[in-house]
Amino acid sequence: MKNILLFLFLPLFLGACGDDDNTPNGPDENDNINWYAAADSSTTALVNSFWNAGGKYFNYDSNGNTTFHYWPQAHALDVLTDAYLRTEDAKYKTYFDQWFEGVKIKNGNSFRNDYYDDMEWNALAILRAYQATKEQKYKEAALQIWDYIKVGWNENAGGGITWVKGQEYSKNACSNGPACILAARLYREFGDETYKEWALKIYNWEKSTLFNSNNGMVYDNINSNTGEIQKDWIFTYNEGTFVGSAVELYKILGEKAYLNDAVLAADYTISTLVNNSILKDEGTGDGGLFKGIFIRYFTDLIQQDRLDAGAKRRYVQFLKTNAETLWTQGTNKSNVLFGTYWRNAPGASTGLTEQLSGCMLIEAAALLDDLNLL
């Protein structure tokens, strides 16, 4: 960790260090929060507290736990890409290159993995790195991972991509929503009709099997051996990737029905998977990442020009309330760390997944602020 460059020094955190509360230093009024500076400091904290300079990947917690978990690495690259697109600062691209080398090595010198959802997350992040830099190695890797992913489709339960190799009976929202988003983005980037066909096939299967079109719930999985659908596990990230899938198909086809599907899932999430208007605590580990994933695709929905004006206002206010709450109540200001629930600041350390969700929310606020939507 001592080799990491402390590359951003923000005056936002230099004053009033003796305050007793957990409110980050800066303007007292929420409307005056400098979201650009907040995003700089949160992404800087991600690098300073989690980046493993020797291994070229992100540690699993801010205490230096070097345990490697494949799927959070994708979301760390996504946050670095958010920062690169926001700032156009080449230092972030340096981390792209190192990440690309280190994560591949730690995953057995390949991006192939038994978990299809994990590969999907990494392909999505690598595709964004390609779109940001136009470096061919990222394009080639994203396409190669897609080739690994599509073999996960089988006709158990009528279709869908399985969750993990060896459990072909388990068809999960987490392995189909991101796959649809990936296929749709590959189509929009490269124009091959087969990608669009895949996106539609995956979306139609998930909507008909795991989506409640009456209220917007996205069920976690179906077991094709028993026909049982797991309806008790409703997670923000499954809602988010369904939103993202619908938005991607709306972008391709221009059909308002897809936007309506996204709105239904978003409305369910912000009305039900909350605690006093703040996205609920979904724990540490994998669950720590769920809220941030929802926020990423919810933010994309907000930017669609045919979104109803009333819905857009509600969504912007929801995201703003969550971001302000995290920044003023849920941030450990001594080292800019985030916890599992955005009203409560963590102690002296936190996990990678929780930190990533907080970073995604703050970067989303900075993006919407830059678009004059916040």
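Shown above is the structure to which this text applies.
Reference entry: report on the structure contained in this document.

What counts and how
- Along each chain, the written sequence defines residue order, and numbers are assigned to residues from 1.
- With the structure being a predicted model, the display of local features is reserved for residues of pLDDT at least 70 and the display and counting of side-chain atom pairs for 80 or more, all residues being used for whole-chain, interface and lining totals.
- For side-chain calculations, the full set of non-hydrogen atoms in the structure is used, while hydrogens and water are omitted.
- Under the DSSP-based scheme used, a helix requires at least four consecutive residues in state H or I and a strand at least two consecutive residues in state E, with every element numbered from the N terminus.
- Values of the radius of gyration come from C-alpha atoms, whereas the globule rule sets the reference at 2.2 Å times the count of residues to the power 0.38.
- Partly exposed residues are those whose accessible area sits between 20% and 50% of the maximum for their type, while under 20% is buried and over 50% is exposed, using a 1.4 Å probe and protein chains only.
- We call two residues contacting when some pair of their heavy atoms lies within 4.5 Å.
- Counting rule applied: Lys, Arg positive; Asp, Glu negative; His and chain ends not counted.
- All charge positions are set by atom: Lys at NZ, Arg at CZ, Asp at CG, Glu at CD.
- By convention in these notes, a salt bridge is any Lys or Arg side-chain nitrogen within 4 Å of a carboxyl oxygen on Asp or Glu.
- Each Phe, Tyr or Trp ring, with Trp reduced to its six-membered ring, pairs with another whose centre is within 6.5 Å; inter-plane angles below 30 degrees give stacked pairs, above 60 give edge-to-face pairs, and intermediate values give tilted ones.
- When DSSP finds two or more bridges between two strands, those strands count as paired.
- Note on definitions: angles span 0 to 180 degrees between N-to-C directions of axes, and those axes are lines fitted to C-alpha atoms, for helices only across the stretch in contact.
- Here the word oblique covers every angle except those under 35 degrees (roughly parallel), over 145 (roughly antiparallel) and from 65 to 115 (roughly perpendicular).
- Two helices that cross are described as forming a left-handed crossing if the nearer one is turned anticlockwise from the farther one by less than a right angle, and a right-handed crossing if clockwise.

## Digging into the overall build of the protein chain
A count of helical and extended segments in the protein chain gives 12 helices and nine strands. Compactness check: the protein chain gives a C-alpha radius of gyration of 20 Å against a globular reference of 21 Å for 374 residues, within 12% of the reference. Across its three principal axes, the protein chain shows a C-alpha extent of roughly 60 × 45 × 35 Å. Out of the 374 residues in the protein chain, the part that is buried amounts to 59%. Pairs at least 24 apart in sequence give 67% of the contacts found in the protein chain among residues at least 6 apart. Mean positive and mean negative side-chain charge positions of the protein chain (33 and 47 charges, respectively) differ by 4 Å.

## Quick look at the pattern of salt bridges
Counting across every chain of the model gives 21 salt bridges. Between Glu-101 and Lys-56 there is a salt bridge, with its nearest N and O atoms 3.0 Å apart. Taken together, the residues span a long stretch of sequence, with Glu-101 in helix H3 (residues 91–106) and Lys-56 in the loop between strand E1 (51–52) and strand E2 (57–58) at a distance of 45 residues. Judged by relative accessible area, which is 40%, Glu-101 ranks as partly exposed. Judged by its relative accessible area of 24%, Lys-56 is partly exposed. Close ionic contact of Lys-251 with Glu-248 constitutes a salt bridge, the shortest N to O distance being 3.5 Å. Taken together, the positions of Lys-251 and Glu-248, both in helix H8 (residues 236–253) and three residues apart, correspond to about one turn of that helix. When salt bridges with common partners are traced through the structure, they connect Arg-185, Arg-188, Glu-248, Lys-251 and Asp-300 into a single cluster.

## Some points on the packing of aromatic side chains
This structure, assessed with the given rule, holds 23 aromatic pairs. Taken together, a centroid distance of 5.9 Å and an interplanar angle of 35° make the contact between Tyr-130 and Phe-190 tilted. You can see Tyr-130 sitting in helix H4 (residues 116–133) and its partner Phe-190 sitting in helix H6 (residues 173–190), a full 60 residues away along the chain. Relative accessible area serves as the criterion here: at 7%, Tyr-130 is assigned to the buried category. With a centroid separation of 6.0 Å and an interplanar angle of 80°, the aromatic rings of Trp-153 and Trp-198 are classed as edge-to-face. With Trp-153 in the loop between helix H5 (136–150) and strand E3 (170–172) and Trp-198 in helix H7 (residues 193–210), this pair connects stretches of sequence that are 45 residues apart. The class for Trp-153 is buried, based on a relative accessible area of 15%. Trp-198 gets classed as buried once you look at its relative accessible area, which sits at 16%. Aromatic rings pair up to connect Trp-71, Trp-121, Phe-235, Tyr-237 and Phe-290 into one cluster.

## Focus: unusual backbone geometry
Residues other than glycine seldom take positive phi values, yet Lys-134 does so here, at roughly 65°. Note on placement: Lys-134 falls in the loop between H4 and H5. Phi is positive for Asn-276, close to 55°, though the residue is something other than glycine. Examined against the element boundaries, Asn-276 turns out to sit in the loop between strand E6 (274–275) and strand E7 (278–279). With a relative accessible area of 61%, Asn-276 lands in the exposed category.

## Some words on the sheet that holds strand E5 (residues 228–230)
The antiparallel open sheet is built from three strands, whose spatial order is E3-E4-E5. The open sheet has two edge strands with one neighbour each: E3 and E5. For this sheet, the mean inter-axis angle between neighbouring strands, taken without regard to orientation, is 20°. Across three bridges, the pairing between strand E4 (residues 221–223) and E5 is antiparallel.

## Quick look at the environment of Val-79
Mapped onto the elements, Val-79 comes out in helix H2 (residues 70–87). Considering only alpha carbons, one finds Val-79 and Tyr-92, 13 residues apart in sequence, at a separation of 9.9 Å.

## Details of the packing of H2 against helix H12 (residues 352–370)
Running from amino to carboxyl end, H2 crosses H12 at an angle of 25°, the nearest separation of the two axes being 10 Å. Overall, the two elements H2 and H12 adopt an arrangement that is roughly parallel. Once H2 is placed against H12, the crossing between them reads as left-handed. Within the contact between the two elements, H2 uses Pro-72, Gln-73, His-75, Ala-76, Val-79, Asp-82, Ala-83 and Arg-86 and H12 uses Leu-352, Thr-353, Leu-356, Cys-359, Met-360, Glu-363 and Ala-366.

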